[in-house]
Amino acid sequence: MARAALDLGVRDLAELAKVAQATVSKLERGEELKERTVDAIQAALENAGVQFISENGGGAGVRLAKRSDDVQKQNE
């Protein structure tokens with residue numbers, strides 16, 4: 001869901017996280033990965049603008065982070 005929210009392909013996320021494309025695919029299929037690998041993918045998604053929301057009665061999820069005014073101006 002996080003990758004889709006950022007409009008990233010598997011290849012794009014793999015490059016950002018410095019992992020193999022197959023690793024991203026394994027994660028998305030729910031296969032078990034090393035904790036440091038999951039951390040690298042999560043950090044790449046967070047750096048790209050996703051916030052992970054913890055379980056709070058409504059279930060865990062993701063949302064796009066608010067952009068700062070500086071980032072918004074650069075993208076205009």
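Overview of the structure. What you see is a predicted model, and the numbers here were worked out from it, not measured in a lab.

Calculation criteria
Residues numbered from 1 in each chain as written. Predicted model: local features only at pLDDT ≥ 70, side-chain atom pairs only at ≥ 80, totals over all residues. Heavy atoms only, no water. Axes fitted to C-alpha atoms, helices over the stretch in contact; angles between N-to-C directions. Helix = DSSP H or I, 4+ residues; strand = E, 2+ residues; numbered from the N terminus. Parallel < 35°, antiparallel > 145°, perpendicular 65-115°, else oblique. Contact = heavy atoms within 4.5 Å. Nonpolar A, V, L, I, M, F, W, Y, C, P; charged D, E, K, R; others polar. Core = buried A, V, L, I, M, F, W, Y, C linked by side-chain atoms within 4.5 Å. Buried < 20%, exposed > 50% of the residue type's maximum accessible area, 1.4 Å probe, protein only. Expected span 1.5 Å × (residues − 1). Arc of directions from axis to C-beta.

### What about the packing of helix H2 (residues 10-17) against helix H3 (residues 21-28)?
Next, step 1: Contact geometry for H2 and H3: axes closest at 8 Å, N-to-C directions at 110°. When the interaxial angle is binned, H2 and H3 end up roughly perpendicular. Contacts from Val-10, Arg-11, Leu-13 and Ala-14 of H2 reach H3 at Gln-21, Val-24, Ser-25 and Glu-28.
Next, step 2: Tallied by class, residues from the contact of H2 with H3 come to four nonpolar, two polar and two charged.

### Concerning the environment of Ala-2
Next, step 1: Here Ala-2 is to be found in helix H1 (residues 2-5).
Next, step 2: Ala-2 sits 43 residues away from Leu-45 along the chain, and the two C-alpha atoms are 7.0 Å apart.
Next, step 3: When neighbours within four sequence positions are excluded, Ala-2 is seen to be in contact with Leu-45, Val-50, Phe-52 and Val-62.

### Section: the nonpolar core
If you look at soluble globular proteins, the nonpolar side chains tend to sit buried side by side.
Next, step 1: Counting residues in each nonpolar core, the largest one holds 11 residues, listed as Ala-2, Leu-6, Leu-8, Leu-13, Ala-14, Ala-17, Val-24, Ile-41, Ala-44, Leu-45 and Val-50.
Next, step 2: Look past the residues within four positions of Leu-45 in its chain and what remains in contact with it is Ala-2, Arg-3, Leu-6, Leu-8, Leu-13, Val-50 and Phe-52.

### Quick notes on helix H4 (residues 35-48)
For an α-helix, the turn length of 3.6 residues means that residues three or four places apart are oriented alike.
Next, step 1: With 14 residues, H4 extends 20 Å between its outermost C-alpha atoms, agreeing within 8% with the 20 Å of an ideal straight helix rising 1.5 Å per residue.
Next, step 2: Those residues of H4 that sit buried are Thr-37, Ile-41, Ala-44 and Leu-45. Along H4, the residues classed as buried sweep out an arc of 95° about the axis, all on the same side. Those residues of H4 that are exposed and aimed more than 90 degrees away from the buried face are Glu-35, Arg-36 and Asn-47.
Next, step 3: Buried residues in H4 make contact with H1, H2, H3 and strand S1 (50-53).

### A few points about the packing of H2 against H4
Next, step 1: Where H2 contacts H4, the axes come no closer than 8 Å and their chain directions differ by 105°. Taken together, the axis directions place H2 and H4 in an arrangement best described as roughly perpendicular. The residues of H4 that touch H2, namely those facing Leu-13, Leu-16 and Ala-17, are Ala-40, Ile-41, Ala-44 and Leu-45.
Next, step 2: Among the residues forming the contact of H2 with H4, the class breakdown is seven nonpolar, no polar and no charged.

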